[in-house]
Amino acid sequence: MFPGFFEWIWDGGHVVFMGGLWYALGIIGMGLTFCILKAAIETAQGKGAEHGGDEHH
Amino acid sequence: MDSALIPQGVRRCSLGKFAFFIGIVGAVLLWGVYAMLLCWLKGLNQTNMNDYYGFALWIWADLAVIALGGGAFFTGFLKYIVGKDELKNIINYAVLIGFICYSSALLILAIDIGQPLRGWFIFWHANVHSMLTEVAFCLSCYFAVLSIEYLPLVLENRQLNKVPFFHNLAHNMHEIMAVFAATGAFLSFFHQGSLGGVAGVLFGRPFSFREGAFIWPWTFFLFTWSAAAYGPCFTLALTKLIEKVTRKKLVGDKCVDLLAKISGWMIFTYIIAKIADTYYWATVTAPEGGFTLMDFYSNNPMYGIWILVLEIVIGGIIPALILITKKGRRSPFLLVTAVIFGCIGVSVNRWVMVLQVMAVPVMPFDTWAMYYPSWQEVATTILPVAYGVILVALSYRYLPIFPQEKELNY
Amino acid sequence: MKQSQGHNRPKKYGMVIDLDKCTGCGSCMVACMAENNVPFKKDETNKRDSITWMKVYKLTNGKPFPENDVCYLPRPCMHCEGHHGHSPCVSVCPATATDYSTDTGIVSQIYTRCFGCRYCMAACPYHARYFNWWDPVWPAGMEQMLSPDVSVRMRGIVEKCSFCFHRYQRAMDKAHLEGRHELAEDEYQTSCTQACPSGAITFGDLNNPEHKVHQMVKPDNAHGGRPQAPNAFRLLERLGTNPKVYYLSTREWVRKAGDNSIKGEGKAHAKH
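Thresholds applied
- Residues numbered from 1 in each chain as written.
- Chains lettered and ligands numbered in written order.
- Predicted model: local features only at pLDDT ≥ 70, side-chain atom pairs only at ≥ 80, totals over all residues.
- Helix = DSSP H or I, 4+ residues; strand = E, 2+ residues; numbered from the N terminus.
- Buried ≥ 20, exposed ≤ 12 C-beta atoms within 10 Å, placed from the backbone.
- Pairing = 2+ DSSP bridges.
- pLDDT = per-residue confidence, 0-100.
- Contact = placed C-beta atoms within 7 Å.
- Nonpolar A, V, L, I, M, F, W, Y, C, P; charged D, E, K, R; others polar.
- Axes fitted to C-alpha atoms, helices over the stretch in contact; angles between N-to-C directions.
- Parallel < 35°, antiparallel > 145°, perpendicular 65-115°, else oblique.
- Left-handed = near helix turned anticlockwise from the far one by under 90°.

Novice: Can you help me understand the overall build of chain A in this one?
Specialist: The helix and strand inventory of chain A stands at 1 helix and 0 strands. By the burial criterion, 9% of the 57 residues in chain A qualify as buried.

Novice: What should I look at first to understand the sheet that holds strand β12 (residues 245–248) of chain C in this one?
Specialist: By definition, the strands of a sheet pair up through backbone hydrogen bonds, in either a parallel or an antiparallel sense. Taken in spatial order, the 4 strands line up as β8-β1-β12-β11 (chain C) in an open sheet, and their pairing is mixed. Edge positions in the open sheet fall to β8 (201–205) and β11 (232–233) of chain C, since each of these has one partner strand only.

Novice: Sorry, what's going on with the confidence of the model for chain B here?
Specialist: Low-pLDDT stretches of the model should not have their predicted coordinates read in fine detail. Residue-level pLDDT values for chain B average 94, and 100% of them are 70 or greater. Taken together, the chains of this predicted complex give a pTM of 0.93 and an interface ipTM of 0.93.

Novice: Sorry, what's going on with the environment of leucine 15 of chain B here?
Specialist: Residue and element names in this part refer to chain B. Mapped onto the elements of the fold, leucine 15 is located in helix α1 (residues 15–42). Overall, the presence of 14 C-beta atoms within 10 Å leaves leucine 15 in the partly exposed class. Once the C-alpha coordinates of leucine 15 and arginine 397 are considered, the two residues, 382 residues apart in sequence, prove to be 9.9 Å apart.

Novice: How should the interface of chain A and chain B be read in this particular structure?
Specialist: When the parts come together, some accessible area is lost, and that loss is often what is quoted as the size of the interface. Between chain A and chain B, the residue contacts involve 29 residues of the former and 35 residues of the latter. A per-class count over the side of chain A that touches chain B returns 14 nonpolar, 10 polar and 5 charged.

Novice: Could you clarify how one ought to interpret the interface of chain B and chain C in this entry?
Specialist: Between chain B and chain C, the residue contacts involve 42 residues of the former and 43 residues of the latter. Secondary structure elements with two or more residues in the side of chain B that touches chain C: α5 (121–124), α6 (131–155), α10 (253–288) and α13 (332–359) of chain B.

Novice: Help me out: how do you make sense of the environment of methionine 294 of chain B in this one?
Specialist: Along the chain, methionine 294 of chain B turns up in the loop between α10 and α11 (306–324). In this structure the C-alpha to C-alpha distance between methionine 294 of chain B and glycine 304 of chain B, which are 10 residues apart in sequence, comes to 8.6 Å.

Novice: Sorry if this is basic, but what is going on with the packing of α6 of chain B against helix α7 (residues 164–175) of chain B here?
Specialist: Packed helices, taken two at a time, are described by their axes: the angle between them and the distance between them. All names here are of chain B. Two elements in contact, α6 and α7, have axes whose closest approach is 9 Å; the angle formed by their N-to-C orientations is 140°. One finds that α6 runs oblique with respect to α7. Of the two possible hands of crossing, α6 and α7 adopt the one that is left-handed. Here Ile148, Leu151, Pro152 and Leu155 of α6 come into contact with α7, specifically with Phe166, Leu169, Ala170, Met173 and His174. Of the residues that constitute the contact of α6 with α7, the class distribution is 8 nonpolar, 1 polar and no charged.

Right under this line is the structure:
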């Protein structure tokens, strides 16, 4: 899977495939991190406590 | 007893009745779990697969649930990217169905492989030129996206939402849902397509082999297209089913009509492409390998030309014609008929692209190979259905899945 | 796909099976199973889940007596080259557990890496790949007779004919010890070749004009190895799998039985 493995041969396919994969994973990871961090900061600032029981659509 | 967990302003059946229902479905689930354990502990000799049928019922179930679960990515794409805001009334349910379908697909794959403990080899020793590798990567990533899309719904449970952090997290996730939906659509395009590519690249199997563009056979594009077209049919079919079971109207007519119309046009355009593909395959691709169309549909006890008619006419042309006309969509009977026919059509397509591929003899002196699944295969295929029913039931009872429920019923 | 390494000239090991000589005795199958530690079941009635790396098919011309004719067709793995090593099975394996070697032309199977998805089996039109539906069990005492050169395979993975690759390794080891880089034709032969009592199977390097296999079929490497000898043919030539197992027969119906053809296409495809 990774360069350096005994059987590794570089070709364009790896760049395209891994490029697409890490692009998607990067967006998912960054998006999730952003949401969690923002929620943590907002909670620390006391936001959200007033919403107890409300539903968000 | 559990009223504190039930969303405000809606009514649910008693906990006893609910527990009884879950108990019955849970028994079916346990039966599936028992079969699953048999397959894991004793091996795939528990199935009726053989060296002619390396792919069988499970792979079909996998392909079918992924196609039917395509409603999640396509509805998300329409709502968040195209901007069809009306679909906000069904998107939660579409996401839930997608989550169930994709988690089921991953579970089935984990049972299907001969050495489950080595399943991670597909990532570690990935052959990026294999369609199955692309499927595994994109499927796993997209499942992560669906989990992210489902998570805010869980956090919106009345009690969980009281926790400020969960409330804020759910709110923030909703805010950037378009980003996740776009990533999901990107991943879905590839894994739905790769599933089509799995069959289409088999140049040793003239029944499934297709030519194509660049590295992608035509089946790549047809599978993506059909999942986007038929996935919403499944979402609508299950919406009608849950409305029937709960005896409530849960999604407004305007939303249903819009999704049905889009699905209809998608099926309409897809089926034209499918007919063109079938024609080219029957007249050019297959004859190059020495086969005529009827070689694939005769001299065997099951696969007659009827299956092609079932897939294209009954499962394609008819639902397309119903759904693209206003009259068809507005008639409850025709609408339900169309979405059910649509689900049948795409399932038959996945069936032939897995099982008929295995059945057709390729060497001239070989014979047709027929197959019927063992009870262990059937039970493990029903297992995700039972799991899906339980998850839908729990989600419906405790989460605000249908935003219009109050407005339409009380 | 493994690239050619070292200073050896790339080989293309292949097989020529003269169907007019094959009597269908099954010696090749037995020799193969013994040589390669191929497991078997107590009850082998169901041929679709038992493992036979080398399998002999019985073909008939479908005519009534006295025109009735029978032909036995041994079928090992075809070690397809496809288009530049793009063989049907190698290209689909998601975990790189099977490989086409441009050094030898042999399609290998890495047992410890295969996780049993069976996609390669779906890809192979020759049914040359087999799945281990059970763990291998040998009758008491028989484990002592297993070949130490070939690893036994566990439940849940795919296996297939390797052209007795361990024999190639053994021959190469010996050659290296003697300071040679090349093998003589008889130094590396498969067990089925040696076991065939009627000498129907010939094995060697298709790239080497001095080897019998090359002389028997005259492979046209400019056109995917297509045989130029008049009585030679390959199974399913039209699919483009580019197999390295060739067949010989003087009987036209046998040559025709090697590939699919559409009525009215004439004899063009049967003759090759």
